[in-house]
Amino acid sequence: MWARLLLCVLFLFAPALAAASEPTAMARVKTSGVLRWGGDLQGGEPYVYEDPAHPGQLSGFEVELADAIAKELGVRAEFHQNDWSQLVPSLERGTFDVILNGLEVTRSRVGRVAFSHPYYVFAERLMARKDDPRVKGLESLAGTRTGTLSNSFASELLATRAVPVLYEGVEEPYLDLARGRTDAVLLDDIIAARYGQPHADLRVVGDVAEGYYAVAMSPSEPDLKVAIDRALAAIVERGELDAILRRYAIDNARQLRLHSWSEKDQRAMLGAEQAAPVMGLSHVWLFIKGAFMTLLVSVLAMSLAVPFGMALALGRSFGPRWLARIAGAYVEVFRGTPVLLQLYVLYYGLASVVRLDALATAILGLGMNYAAYEAEVYRAGIAAVPKGQMAAAYALGMSTPLALRRVLLPQAFRLALPNVTNDFIALLKDSSLVSVITVVELTKQMTITAVDVRSFVLPGALCAGLYFAMSYPLSRLARVLEARLARA
Amino acid sequence: MISLTRLSKRYGDRTVLDDLSIRFDKGEVTSLVGPSGGGKSTLLRCVNGLERFESGEVRVQDLAFGPRGSPADRRALAAIRLRVGFVFQDWNLFAHRTALGNVMEAPVHVKKVPLDEAKERGMALLEKVGLAHRVLAYPHEMSGGEQQRVAIARALAMDPDALLLDEPTSALDPSRRSEVLEVLRTLANEGCTMILVTHEMAFARDVSHRIVVLHGGQIVEDGAPGQVLDAPKDARTRAMLGL
C-alpha cells in the first residue's frame, strides 16, 4: 500500500517531465506508428474483454472503436492493460496516449484530462429489489445505502443524495443489492443491462441522469485532441460507430445526438470550468473518520487473531494428532493464499451461506488471516521455551493445562510479543485491503479525496501522516518491550 | 516407602534399565552412583513419571503405576508427584517468576494454599536455604548455586515425603557446590528421605546411609558407604573408584 502511495505521488510529477521532452503528440504517434490506448479488461463486456472463443484476443466495442480511430489516424491501435482506477495517473505518466474505457466525463476529471467529443451517451440507471417499494427515484435515495463504482459519474451524483457504497467491480454491486446489503444501485445503463437486469429479484426504477463516455488525453497535447475529434467525427458521420454499437446491442436513440455534436454541446458537456476544490477541514474530518475505521478494523481483527492464533498454536503443539493436522492445514491455507482472495470469498463467495455485513466481514477476514500468522509466532515462542520448564511444572504436580497456563504460555507469549506488535503494525496497513468489500478506511478515503481535489499530494501526505501517527507509537512500544525482554 | 519392581527401559536397542528392582525406606538417604549412561538419572525420572518405561511397576507408599498410562496409572502418578519432590541438574526455575514466586507457584496453584500462608512458608524456606536476601530476584539474576537452592526450596514447599535429586551439583562451579551440599546435609540430618544421583563421592560417603552403584541398567553394588566405597565386590566398581 505504501508503494502504491509513493507511486501516486511520483505520478504527479511525471507529466511535467514528459511534456517537456516530447515534440508534439501526433508526431510521436505517427513516428511510432501506434496509438497506445489504456483500458481495463476487468471492466468486462461489452467494453474491453478477452474473447471467450479466442483466449488472448480482445473484443469489445471500445476495441473496435480504438481500431477505427487508429486507422483514421493512419496508425495501429495498441492496447495497454491498466487498473481502471489508476487510468488517469497512468495517462499522466505517459504509459499510453489516450484512455478509451468507459471513462465518464465527470467534474473531477474535467481539467485534469482533456476530453474528446463523446463516443457514447449513457443513462444512469437506478435499480432496486422487486420487494422493496421505497426506491422511486433519485430523490427517494436520501439515507439509503446505494451501490456504485468508485470515482464514477454516479458516485458524484450520489455523494449528496444517499450513502454511497463504493465498489471496484461491476458484478458485486448487484450481488450485494440482491442479498440486501444495499438498498439500490446506480450505474451506467450498459452495466445495468449486462450485470443488473438479469437478476430475477431486481427491478429497474428508471434512468435518472445522462452522461458521456469520451476519449481522454493529456491537456498538454492539444494536437492529439484535435486529431482524435476529427477521426471520431468521420467515424460517426459514415455510420461506423452506429454499426459498432449495434454489434454489441448497445445502440439506442440517445446516440443520435452524436451525429450533430457541436462545440456548444461539448462546452455544455464539460460544464463551466471549475477550480478544483481545496482540501479543507471537512476533508480532514473525513480522513480522521477513515483513520478511525482503519484503527477499528485493525484492533478488532487483532483481538480476534491473538486468541484464535493461540488456540491454533496450542492445537498444533499439544493437541491430539487429528487436531494438530487441522490446525496445521488451517495455517498453511490461510498463509498460502492472498488475504484479498479470502475477503472476496468470505464476502461474496459465502454470501449464500452466511450473510455478514462489510465491516464484520473485514474484521473476521483479517482476523482469520492474521490468526494463521499469530499461530506461527506463538508456535515459535512455545518451541523456544526450554523443555525443562514443563518438566519442572509436571514434577511439582501440575496438570498439563495448568502447566501451560502458568508456566509455558506466559513465557512463550513474552518471547512472541515483539513479533505480535510487528504483525499489528503490518495489519494496520493491510487493513486498507478491506476497501474491496466497500469498507471506506483511510487509504480508500485518500483515493476518493485525491480524485475530488485532483491531486495526490495533500491527501497522500495526510494519509501517510495518519498511518505514521498510528504505527509509530506501536513500533516504539515494540522496541521498549524488546528491550525489557532482553533484560529479563 | 518407594519401590521399583522389575523396571525395564530401552532407548532403541540400548537397554537403560534392565529388569531392575529396588526399595528405598523412609528416612533413608541413598546415593545412586555409577558411570554415565548407567541408568541413574533414568531411574530417578521414572519414579515421578518424567520418563516412561516399557515394563515393571513404580510404587510410592500405597500408590502404584505401570507402563501403560491407563487412567488409573495417570491418577496414581499425579498423586505420587505431590508426594515426591524433584530437583533437576539444571534447576529449571520458572524463568518468569522471582525466587519467592517459584517457591509459591505450586502450593498456591496446585494445592490451593492461601496466598499469605504460601508466602510465609516460602520466605521461611528461602531463609532455610540461605536466600532470605534474594527473595525478589529473578532466576537470570542469580548464580547457579543460588538457583539450585531456590529449586530445593521450591520442591520442599510442597511438603514432599521424599526428595529426588538428579545430579544437583554437577552443573555448578566447584566453588559453588558447597553451598548446595550444605543445604542437602542439613536436610539429611533432619531425617528427610532422599534419593540422590551424584558424582561427589566424598559427599555421598558423608551423608548417605546407603550407596547404590548402577552399571548397564543393573544394580552391581548396594550397601553402606564404607562397604561399597572401601571394599566393593564388583570389579567394575573397583575400576570406577580407582581401587
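What counts and how
- Residues numbered from 1 in each chain as written.
- Chains lettered and ligands numbered in written order.
- Predicted model: local features only at pLDDT ≥ 70, side-chain atom pairs only at ≥ 80, totals over all residues.
- Heavy atoms only, no water.
- Helix = DSSP H or I, 4+ residues; strand = E, 2+ residues; numbered from the N terminus.
- Rg over C-alpha atoms; globule rule 2.2 N^0.38 Å.
- Buried < 20%, exposed > 50% of the residue type's maximum accessible area, 1.4 Å probe, protein only.
- Contact = heavy atoms within 4.5 Å.
- Lys, Arg positive; Asp, Glu negative; His and termini not counted.
- Charge placed at Lys NZ, Arg CZ, Asp CG, Glu CD.
- Buried area = accessible area lost by both parts, 1.4 Å probe.
- Salt bridge = Lys/Arg side-chain N within 4 Å of Asp/Glu carboxyl O.
- Polar contact = N/O pair within 3.5 Å; in protein donor to acceptor, adjacent residues only side chain to side chain.
- Patch = residues over 30% accessible without salt bridge, like charges linked within 9 Å, V, L, I, M, F, W, Y side chains within 5 Å.
- Areas by Shrake-Rupley, 256 points an atom, 1.4 Å probe, with all protein chains shown as cover.
- Axes fitted to C-alpha atoms, helices over the stretch in contact; angles between N-to-C directions.
- Parallel < 35°, antiparallel > 145°, perpendicular 65-115°, else oblique.
- Left-handed = near helix turned anticlockwise from the far one by under 90°.
- Pairing = 2+ DSSP bridges.
- Domains from an automatic or database assignment.
- Nonpolar A, V, L, I, M, F, W, Y, C, P; charged D, E, K, R; others polar.
- Right-handed = clockwise from strand over helix to strand, strands pointing away.
- 1 Å grid on protein atoms, 1.4 Å probe; cavity = no way out; pocket = protein on both sides within 12 Å on 5 of 7 lines; lining within 4 Å.
- Points joined across faces, edges and corners; volume = space filled by probe spheres on them.
- Core = buried A, V, L, I, M, F, W, Y, C linked by side-chain atoms within 4.5 Å.

J.: Can you break down the overall build of chain B residue by residue, with the values?
T.: For chain B, the count of helices and strands is 9 helices and 10 strands. A compact globule built from 243 residues would reach a C-alpha radius of gyration of about 18 Å, and chain B, at 18 Å, matches this within 12%. Put simply, chain B has 243 residues, and 55% of those count as buried. Taking contacts inside chain B between residues at least 6 apart in sequence as the whole, the part at least 24 apart equals 62%. One finds the centroid of the 32 positive side-chain charges in chain B at a distance of 4 Å from the centroid of its 32 negative side-chain charges.

J.: Can you tell me about the interface of chain B and chain A, naming the residues and giving the values?
T.: The extent of an interface is frequently quoted as the accessible surface area lost upon association of the parts. Taken together, the contact pairs 20 residues of chain B with 18 residues of chain A. A combined buried area of about 1,600 Å² lies between chain B and chain A, and 63% of that area is made up of carbon and sulfur atoms. Three residues stand out in chain B for area buried against chain A, namely Arg-81, Phe-94 and His-96 of chain B, and they jointly supply 33% of the buried area on that side. Seen at the junction of chain B and chain A, the total is 1 salt bridge. The partner of Arg-406 of chain A in a salt bridge is Glu-105 of chain B, and the shortest N-O contact between them spans 2.5 Å. Our count for the contact surface shared by chain B and chain A stands at 6 residue pairs in polar contact (both at pLDDT 80 or more).

J.: Can you break down a nonpolar patch on the surface residue by residue, with the values?
T.: Among the surface-exposed residues, Leu-341, Val-345, Leu-350, Val-353 and Val-354 of chain A lie close enough to one another that they form a single nonpolar patch of about 420 Å² accessible area. Locating Val-353 of chain A in the fold gives a position in the loop between helix H13 (339-349) and helix H14 (358-384).

J.: With reference to specific residues and values, describe the packing of helix H3 (residues 99-109) of chain B against helix H5 (residues 144-156) of chain B.
T.: All names here are of chain B. It is at 8 Å that the axes of H3 and H5 come closest, and there the two elements cross at 25°. Taken as axis vectors, H3 and H5 run roughly parallel relative to one another. In the packing of H3 onto H5, the handedness of the crossing is right-handed. Across from Ala-99, Asn-102 and Val-103 in H3, the residues of H5 making contact are Val-150, Ala-153 and Arg-154.

J.: Give me the pattern of salt bridges: which residues, what numbers.
T.: Counted by the stated rule, this structure contains 45 salt bridges over all chains. Between Arg-185 of chain B and Glu-182 of chain B there is a salt bridge; the shortest N-O distance is 3.7 Å. Taken as a pair, Arg-185 of chain B and Glu-182 of chain B lie in helix H6 (residues 174-189) at a separation of 3 residues, close to a single helical turn. Judged by relative accessible area, which is 25%, Arg-185 of chain B ranks as partly exposed. On the basis of relative accessible area, Glu-182 of chain B is assigned to the partly exposed category, the value being 45%. The structure contains a network of salt bridges with shared partners spanning Arg-125, Asp-189, Asp-207, Glu-210, Arg-254 and Arg-257 of chain A.

J.: Go over the pairing of strand E6 (residues 114-129) of chain A, please, and point to the residues and values.
T.: All names here are of chain A. Along E6, 16 of the 16 residues are buried, which leaves the element largely enclosed by surrounding structure. In the sheet, E6 pairs with strand E10 (residues 202-217) via 13 bridges, with the strands oriented antiparallel. Bridging across to E10, Ala-128 finds its partner in Arg-203. Taken together, the 5 bridges between E6 and strand E9 (residues 184-188) define a ladder with antiparallel strand orientation. Each residue of the ladder has a partner; that of Ala-128, found in E9, is Ala-184.

J.: I'd like to hear about the side chain of Arg-28 of chain A, residue by residue, with values.
T.: The topology assignment puts Arg-28 of chain A in helix H2 (residues 25-32). Residue Arg-28 of chain A is classed as buried on the basis of its relative accessible area of 18%.

J.: Which residues make up the domain arrangement of chain A, and what values do they have?
T.: Residues and elements named next belong to chain A. Once the domains are mapped, chain A shows domain 1 (23-119 + 214-270), domain 2 (121-211) and domain 3 (281-487). At the boundary of domain 2 with domain 3, total buried surface from both sides reaches about 1,100 Å², with 51% on carbon and sulfur atoms. Of all residues in domain 2, Leu-166, Arg-179 and Arg-181 give up the largest surface area on contact with domain 3, accounting jointly for 52% of the area buried on that side. Inspection of the region where domain 2 meets domain 3 yields 1 salt bridge. Across the pair Glu-168 and Lys-444 runs a salt bridge, and its minimum N-O distance is 2.6 Å. Here domain 2 is connected to domain 3 by 5 residue pairs in polar contact (both at pLDDT 80 or more). Among the secondary structure elements, those contributing two or more residues to the side of domain 2 that touches domain 3 are strand E8 (163-167) and helix H6 (172-178). Each residue belonging to the side of domain 2 that touches domain 3 can be placed in one class, and the counts come to 4 nonpolar, 2 polar and 5 charged.

J.: Quick rundown of unusual backbone geometry? Include the residues and the values.
T.: In terms of backbone geometry, most residues other than glycine have negative phi values and most peptide bonds are trans. The residue after Glu-45 of chain A, namely Pro-46 of chain A, is reached through a cis peptide bond having omega -10°. You can see Pro-46 of chain A is positioned in the loop between strand E1 (34-39) and strand E2 (49-50). If you check the backbone angles, Lys-112 of chain B has positive phi at about 60° while not being a glycine. Look at Lys-112 of chain B and you get exposed, because its relative accessible area is 61%.

J.: Go over the sheet that holds strand E6 (residues 84-87) of chain B with me, naming the residues and quoting the values.
T.: All names here are of chain B. Spatially, E6-E7-E8-E3-E9-E10 is the arrangement adopted by the 6 strands of the open sheet, whose pairing is mixed. Looking at strand neighbours, the two that pair on one side only are E6 and strand E10 (218-223), the edges of this open sheet. Neighbour-to-neighbour, the strand axes of this sheet turn through a mean angle of 15°, independent of strand direction. For strand E3 (residues 29-33) and strand E9 (residues 210-215), the ladder comprises 4 bridges, and the chain directions are parallel. Residue Ser-31 lies in a different strand from E9, and its bridge partner there is Ile-211. Lying on the sheet, helix H1 (residues 40-47) is in contact with E3, E6, strand E7 (162-166), strand E8 (193-197) and E9; it crosses E7 at an angle near 145°. The sheet contacts of helix H2 (residues 71-83) involve E6 and E7, and relative to E6 the element is tilted by about 70°.

J.: Describe in detail the pairing of E8 of chain B, supporting the description with residues and values.
T.: Residue and element names in this part refer to chain B. Within E8, 5 of the 5 residues are buried, leaving the element largely enclosed by the surrounding structure. Because side chains alternate across E8, one face comprises the buried residues Thr-193, Ile-195 and Val-197, and the other comprises Met-194 and Leu-196, equally buried. Here E3 pairs with E8 via 4 bridges, running parallel. Directly across from Leu-32, in E8, lies its bridge partner Val-197. Bridging between E7 and E8 involves 5 bridges; their strand directions are parallel. Its bridge partner lying in E8, Asp-166 is registered against Val-197. Handedness of the crossover joining E7 and E8 through H6 is recorded here as right-handed.

J.: Which residues make up the layout of surface pockets, and what values go with them?
T.: Residue and element names in this part refer to chain A. Put simply, the largest pocket is a space of about 1,400 Å³. Taken together, 49 residues make up the lining of the largest pocket; nearest its centre are Ser-155, Ala-159, Pro-164, Leu-166 and Ile-448. Residue assignment for the lining of the largest pocket shows that the elements contributing at least two residues are helix H5 (153-158), E8, E10, helix H10 (263-270), helix H11 (281-318), H14 and helix H17 (442-453). Of the residues that constitute the lining of the largest pocket, the class distribution is 25 nonpolar, 15 polar and 9 charged. In this structure, the second largest pocket encloses a volume near 970 Å³.

J.: With reference to specific residues and values, describe the nonpolar core.
T.: Residues Val-434, Ile-437 and Leu-442 of chain A together with Ile-2, Leu-4, Leu-32 and Leu-43 of chain B are the most contacted members of the largest nonpolar core, which totals 99 residues. Once residues lying within four places of it in the same chain are set aside, the contact partners of Ile-437 of chain A are Leu-343, Tyr-347, Tyr-348, Ala-358, Thr-361 and Ala-362 of chain A. Leu-91, Leu-157, Ala-192 and Trp-261 of chain A belong to the second largest nonpolar core, which has 79 residues in total.

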